[in-house]
Amino acid sequence: LYDPALHTALAFSYGGFDPGVVVLAYLSWTLWLLGDVEQAVARADQAQALIRRLDNAYTRARSLCWDAVLRQFVGDWEAVRAQADKAIGMATEQGLSLVQASGTIMLGWAQVNEGHGADGARQIRQGVEDYRATGAGLQVPHFLAALSEAARALGRPAEGLDVVADGLAIVERSGERYFEADLHRLQGEMLLDRSPDDDGPAERAFQQALSVARAQQA
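Residues numbered from 1 in each chain as written. Predicted model: local features only at pLDDT ≥ 70, side-chain atom pairs only at ≥ 80, totals over all residues. Heavy atoms only, no water.

## Some points on a negative patch on the surface
Argument step 1. Among the surface-exposed residues, D197, D198, D199 and E203 lie close enough to one another that they form a single negatively charged patch.
Argument step 2. With respect to the element layout, D198 can be found in the loop between helix 10 (180–194) and helix 11 (200–216).
Argument step 3. Taking relative accessible area as the criterion, D198 reaches 43% and is therefore assigned partly exposed. (Patch = residues over 30% accessible without salt bridge, like charges linked within 9 Å, V, L, I, M, F, W, Y side chains within 5 Å. Areas by Shrake-Rupley, 256 points an atom, 1.4 Å probe, with all protein chains shown as cover. Salt bridge = Lys/Arg side-chain N within 4 Å of Asp/Glu carboxyl O. Lys, Arg positive; Asp, Glu negative; His and termini not counted. Charge placed at Lys NZ, Arg CZ, Asp CG, Glu CD. Helix = DSSP H or I, 4+ residues; strand = E, 2+ residues; numbered from the N terminus. Buried < 20%, exposed > 50% of the residue type's maximum accessible area, 1.4 Å probe, protein only.)

This is the structure in structure tokens:
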């Protein structure tokens, strides 16, 4: 239904976002969660092509973070770093604290996957603190999952499990469940890391991850 000629003016009443970019970004995430990676990437590319034609600096900055998340989903850490770097640059220029925090988290995740675990973990932790300091709650379980991955990469499963527990508690309070299955999966991985000879707790976590994913068709 979106027509740029008619609907770009809705950005002011839509929280500052161009609605076409927003729906394409969330559609790309949803397609990935449903397992359609090719279409997810195509929709993300479409969102980025649209933003290049629009004069909306705030949407552009936020869209870089949304795109970085999709690239994180598909495991493309080089693209995540590129989008996060641009988002942080725009956020610094325009004083956008939420974008700065989101970009920092994504940059940290890329650094962890580049092999710079300690630096990446520091970036993610700082980004999560700054993000929550704005009062924002959306995406926090997802961002905590990234922090738990960093802890695991550094060989700190107990720390990672504490972070996952925080994320799952927020899931239950908020009802934001798009990363719930992956939190359980990470929990299982770190339970195995911590106690490789006692696989019962890890198996239960993996079974819960499967149960949630099947219920969501994810």
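Back to the text.
## Regarding the side chain of S148
Argument step 1. Within the secondary structure, S148 sits in helix 8 (residues 140–153).
Argument step 2. Residue S148 is classed as buried on the basis of its relative accessible area, which comes to 0%.
Argument step 3. Apart from residues no more than four positions distant in its own chain, S148 is found in contact with G160, V163, V164, L186 and M190. (Contact = heavy atoms within 4.5 Å.)

## A look at helix 5 (residues 77–94)
Argument step 1. With 18 residues, helix 5 extends 25 Å from end C-alpha to end C-alpha; this agrees with the ideal 26 Å at 1.5 Å per step.
Argument step 2. Among the structural elements, helix 3 (37–51), helix 4 (57–73) and helix 6 (97–114) are those in contact with the buried residues of helix 5.
Argument step 3. Remark: G95 follows helix 5 within two positions and exhibits a positive phi of approximately 70°. (Expected span 1.5 Å × (residues − 1).)

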